Amino acid sequence: MRIAVLETGVPPDPLADEFGTYPHMFADLLGPGYEVEAFDVQTGKFPRPAAHGAYLITGSPAGVYDPLPWIPPLMEFIRNSKDAKLIGVCFGHQVISQALGGEVIKSPKGWAAGLNRYAVIRPQTWTNGEREVAIPASHQDQVVVQPPGTSVVAASDFTPFAALAWEDRPTISFQFHPEFSPAYAKALIEKRYDRVNTPDAAIASLDAPNDNARVATWMRRFLEA
């Protein structure tokens, strides 16, 4: 399957040299059988209609509320792609939610970082019986108004809309980062050390086992259904 990855941000310098770009991380996460093509939407590049089997929107340091010229066209692309399979991660989760009737803000709770645990509260055909998943997170913005026509798949006290599934279109989204290796997640916290809540504890949390592979399976099952 050909996957168009809509790249909305890049790892901070110099982390891309060591860990690769976000499209590379998603290619590694999904594994064989997926041809990933990146589109830098910040420079106005979007995939041609029907040229790919699915779309995936990455994380970004931007906020969906920022007055950046590429965000309105991205939201319009989301609205116009209602028949295509679509996955959003972190900023991707937020911008899909905002484009489709939800609301995103910079949360007064501060940063979620490190390994976060989420209860699976509404299993889907593409989940696999998990009751909880532990996945790296890195965000301050959050969805605070649930988009209409969605089910909340996973949640935590800190992030009540952590994973969403749309009922009227083939779209799913995650606030957390299954594509982040523990090493990259640690390096990102170190870059943001003065802004992250309890950074040392967040870094230490990433030594515990994670469920990145389980969520990768979710994504593959969704894409292949």
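1. Regarding the packing of aromatic side chains
For the coordinates displayed, the defined rule picks out 13 aromatic pairs. Plain terms: the ring middles of W70 and F91 are 5.7 Å apart, the flat faces sit at 55° to each other, and that makes the pair tilted. One end of the pair, W70, is in the loop between β3 (54-57) and α3 (71-80); the other, F91, is in helix α4 (residues 91-99), with 21 residues separating them in the sequence. A residue is classified by how much of its surface remains accessible, and W70, at 7% relative accessible area, is buried. Geometrically, the ring pair formed by Y118 and F176 is tilted, given 4.8 Å between the ring centres and 40° between the ring planes. Of this pair, Y118 sits in strand β6 (residues 112-120) while F176 sits in the loop between β11 (171-174) and α5 (182-191), placing them 58 residues apart in sequence. For Y118, a relative accessible area of 0% puts it in the buried group. Between the NZ or CZ atom of K109 and the centre of the ring of F158, over which it lies, the distance is 5.4 Å.

2. Structural notes on unusual backbone geometry
For the bond running from D13 to P14, omega is -5°, close enough to zero to count as cis. Even without being glycine, T198 reaches a positive phi, approximately 40°.

3. So, the packing of helix α2 (residues 22-30) against helix α7 (residues 212-224)
Axis separation between α2 and α7 bottoms out at 9 Å; the angle between their running directions is 85°. Between α2 and α7, the angle is such that the two are roughly perpendicular. Contact with α2, carried on its side by F26, L29 and L30, involves N212, A216, M219, R220 and L223 of α7 and no other residues of that element. Across the contact of α2 with α7, the residue classes break down as six nonpolar, one polar and one charged.

Quick notes on the rules
- Residues numbered from 1 in each chain as written.
- Predicted model: local features only at pLDDT ≥ 70, side-chain atom pairs only at ≥ 80, totals over all residues.
- Heavy atoms only, no water.
- Phe/Tyr/Trp six-rings, centres within 6.5 Å; stacked < 30°, edge-to-face > 60°.
- Helix = DSSP H or I, 4+ residues; strand = E, 2+ residues; numbered from the N terminus.
- Buried < 20%, exposed > 50% of the residue type's maximum accessible area, 1.4 Å probe, protein only.
- Lys NZ or Arg CZ within 6 Å of the ring centre and 35° of its normal.
- Axes fitted to C-alpha atoms, helices over the stretch in contact; angles between N-to-C directions.
- Parallel < 35°, antiparallel > 145°, perpendicular 65-115°, else oblique.
- Contact = heavy atoms within 4.5 Å.
- Nonpolar A, V, L, I, M, F, W, Y, C, P; charged D, E, K, R; others polar.

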